[in-house]
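# A look at the structure
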Amino acid sequence: MRVLLSLYACEPDVGSEPGGGWNWACALALEGCEVVALVPSNLRAVLEEELERRPRPRLHLISWSSALVVVGTRTSPTHVGRLLSSSTLGVCYVISGST
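Residue positions are given per chain, counted from 1 along the sequence in the order it is written. Reporting of local features is limited, given that this is a predicted model, to residues whose pLDDT is at least 70; pairs of side-chain atoms are given and counted only at 80 or more, and all residues count toward the totals for whole chains, interfaces and linings. No hydrogens and no water enter the side-chain calculation; it runs on all heavy atoms of the structure.

By size, the foremost hydrophobic cluster in this structure holds 18 residues, and its most contacted members are L5, L7, W22, V35, V39, L47 and L59. It is helix α1 (residues 16-30) that provides the largest number of residues to this core, a total of 5 residues. Side-chain atoms within 4.5 Å link the members of a nonpolar core, which is a set of buried Ala, Val, Leu, Ile, Met, Phe, Trp, Tyr and Cys residues. Three labels apply to residues, based on accessible area from a 1.4 Å probe with only protein chains included: buried if under 20% of the type maximum, exposed if over 50%, partly exposed otherwise in between. Going along the chain from the N terminus, every DSSP run of H or I of four or more residues is numbered as a helix, and every run of E of two or more is numbered as a strand.

Quick look at the structure:
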């Protein structure tokens with residue numbers, strides 16, 4: 001299954017919301033899901049370092065520098081298909097974010 005996560009707060013080896021976001025991404029990848037994580041660009045270097053130390057081949061990062069809105073449904077995503085190699089998306093969840 002392909003999973004798209006929008007992780008506003010996402011950082012390895014920390015607690016609270018950032019740790020929760022990272023742990024969700026890793027757990028889903030370890031369970032066999034192909035995970036695409038949308039992460040803030042200011043965290044990209046930290047996350048890539050972590051992936052070099054502890055590779056997770058099923059976890060892929062896409063960074064963004066401003067608010068990103070993802071609109072779609074389980075079977076018919078809008079705009080999400082441009083981010084993925086396939087237009088079929090299994091699940092799309094926002095794990096953390098600000099309002």
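More follows now that the structure is in view.
For the rest of this paragraph, the subject is the pairing of strand β2 (residues 34-40). Most of β2 sits out of view: 6 of its 7 residues are buried. We treat two strands as partners when DSSP finds at least two bridges between them. Bridging between strand β1 (residues 2-7) and β2 involves 5 bridges; their strand directions are parallel. If you follow L5 over to β2, its bridge partner there is A37. Crossover handedness is defined here as right-handed if the route from the first strand over the helix to the second strand goes clockwise, with the strands pointing away from the viewer. For the crossover that starts at β1, traverses α1 and ends in the parallel β2, the hand is right-handed. Where β2 lies against strand β3 (residues 59-64), 6 bridges are found, and the strand directions are parallel. Of the residues in β3, the one forming a bridge with A37 is L61. Assessed by its sense of winding, the connection that carries the chain from β2 through helix α2 (residues 44-53) to β3 is right-handed.

We now examine the pattern of salt bridges. Salt bridge, as used here, is a side-chain nitrogen of Lys or Arg placed within 4 Å of a carboxyl oxygen of Asp or Glu. Summed over all chains, the structure comprises 6 salt bridges. In this structure, R54 and D13 form a salt bridge, with 3.5 Å as the shortest nitrogen-oxygen distance. With R54 in the loop between α2 and β3 and D13 in the loop between β1 and α1, this pair connects stretches of sequence that are 41 residues apart. Owing to a relative accessible area of 40%, R54 belongs among the partly exposed residues under this scheme. Its salt-bridge partner being R58, residue E34 comes within 3.4 Å of it at the nearest N-O pair. Of this pair, E34 sits in strand β2 while R58 is found in the loop between α2 and β3, placing the two residues 24 residues apart along the sequence. Given a relative accessible area of 38%, R58 falls into the partly exposed group.

As far as function goes, none of this settles anything; it's purely spatial.
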